[in-house]
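Geometric and topological summary
Listed below are the residues making up each chain.
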Amino acid sequence: MADNPDAPLDDRLREAFEADPRAVSRVAWEALTARATGRRRGRFAAVSAAAIVGLAAAIALWPPGPAPSVEPAGAVLVGSVTDGLLVIPLPDGSTAITGGVARQDRPKEGYGLVLVEGGR
Amino acid sequence: MGGQGSSVIVDLERTIAELAPRVLRYANARLGDPALAEDVAQESLAALVRACRNGGAPDSAEAFVFAIARRRAGRASWRRRLWAPLELALSARSDAPSPEARAIALDESAHVRAALARLSSRDREAILLVAIGGLSMADAAAALGLSLSAVKMRVSRARTRLAALLEARHG
């Protein structure tokens, strides 16, 4: 070791950052008695994971709300979609055409209400 | 089994006692904050204790502890950078040293830290592990995830540059 040319530099580095002996004792003791902390963390993680799983299951299994009560119009309208446009022949012989712009906020499926305007 | 268990505990205590000053010195050099360094050293050693007690003792306790210390010191450094502007805005803590006290404390440690700061982060990391942490080249290579020759090259380059920087300060 005595003839190691790097020894003086390494010694100088070590001495510059010499650790406080009280801090060393504290660190060693805390590390050796850290099992309780680890268990606490493990228990906390397990409880958190269970809570997340429970919440996700509750959301997934929650029954859907009742369908909105829409009074039937007394007529069935049969429409078709062409090039993104909804074309609905109306009983009075006119045709309602709607759509054309895909809206991001429109639900892909579910209940909805279509308002058709027009004179008789 | 009981005898084996107690010998493992004695070995673990001995290992912790041997590693504690080294990893604390490394964390202190890396972070420049004794309180933060203590946290990093403690968490790294506690990870080794947990691994050993859970039957997953690593091949090299030194490489294991220093790899964790390195990662945690990096995270602590980032957290401190994020919080530093807020602490400055709130005038920091009242027990912080005054500018005069800080100027007086510009001792050997500060000179060495300033020289280390001028190394590239890769070279600095290598020499901190080997010279200050006291890791063998092989353990440093494992902790850094590098080949042995790459670590040797980085340490050699860091030593040469650091020696020149410290010499220049004294000259």
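The notes below deal with the structure included here. (Residues numbered from 1 in each chain as written. Chains lettered and ligands numbered in written order. Predicted model: local features only at pLDDT ≥ 70, side-chain atom pairs only at ≥ 80, totals over all residues.)

Right, let's talk about the overall build of chain B for a bit. When helices and strands are tallied, chain B shows eight helices and zero strands. Along its sequence from the N terminus, chain B presents helices and strands in the succession α-α-α-α-α-α-α-α. Counting only residues that meet the buried cut, chain B has 39% of its 171 residues in that class. Here the analysis covers contacts within chain B between residues at least 6 apart in sequence; of these, 65% occur between residues at least 24 apart. (Helix = DSSP H or I, 4+ residues; strand = E, 2+ residues; numbered from the N terminus. Buried ≥ 20, exposed ≤ 12 C-beta atoms within 10 Å, placed from the backbone. Contact = placed C-beta atoms within 7 Å.)

What follows covers the environment of Leu12(B). All names here are of chain B. Mapped onto the elements, Leu12 comes out in helix α1 (residues 2-31). C-alpha separation for the pair Leu12 and Ala61, spaced 49 residues apart in sequence, amounts to 9.6 Å. Those residues in contact with Leu12, other than ones at most four positions away along the chain, are Val49 and Cys52.

Our next topic: the nonpolar core. In terms of nonpolar packing, the biggest core is built from 57 residues, with Val23(B) and Leu45(B) touching the most fellow members. Apart from residues no more than four positions distant in its own chain, Val23(B) is found in contact with Ala41(B), Ser44(B), Leu45(B), Val65(B), Phe66(B), Ala69(B) and Gly133(B). (Core = buried A, V, L, I, M, F, W, Y, C linked by C-beta atoms within 7 Å.)

Residue and element names in this part refer to chain A. End to end, helix α2 (residues 21-32) covers 17 Å across 12 residues, agreeing with the expected 16 Å (1.5 Å per residue, within 8%). Along α2, the positions that sit buried rather than exposed are Val24, Val27, Ala28 and Ala31. Buried residues in α2, looked at end-on, bunch into an arc of 95 degrees, giving them a common side. (Expected span 1.5 Å × (residues − 1). Arc of directions from axis to C-beta.)

Listed as interface residues are 26 residues of chain B and, on the opposing side, 21 residues of chain A. Elements supplying a minimum of two residues to the side of chain B that touches chain A: α1, α2 (34-53), α5 (108-117), α6 (121-132) and α8 (148-170) of chain B. Taken together, the residues that form the side of chain B that touches chain A break down as 16 nonpolar, three polar and seven charged. (Nonpolar A, V, L, I, M, F, W, Y, C, P; charged D, E, K, R; others polar.)

What follows covers the environment of Arg124(B). Residues and elements named next belong to chain B. Checked against the element boundaries, Arg124 lands in helix α6. Taking C-alpha positions, Arg124 is 9.7 Å from Arg157, a pair spaced 33 residues apart along the chain. Contact partners of Arg124, with chain neighbours within four places excluded, come to Leu116, Leu119 and Ala158.

Before going further, it helps to examine the packing of helix α1 (residues 7-16) of chain A against α5(B). Two elements in contact, α1(A) and α5(B), have axes whose closest approach is 9 Å; the angle formed by their N-to-C orientations is 120 degrees. With respect to the hand of their crossing, α1(A) and α5(B) are arranged in left-handed fashion. Together, Arg12(A), Leu13(A) and Ala16(A) of α1(A) and Glu108(B), Ser109(B) and Val112(B) of α5(B) make up the contact between the two elements. Split by residue class, the contact of α1(A) with α5(B) holds three nonpolar, one polar and two charged. (Axes fitted to C-alpha atoms, helices over the stretch in contact; angles between N-to-C directions. Left-handed = near helix turned anticlockwise from the far one by under 90°.)

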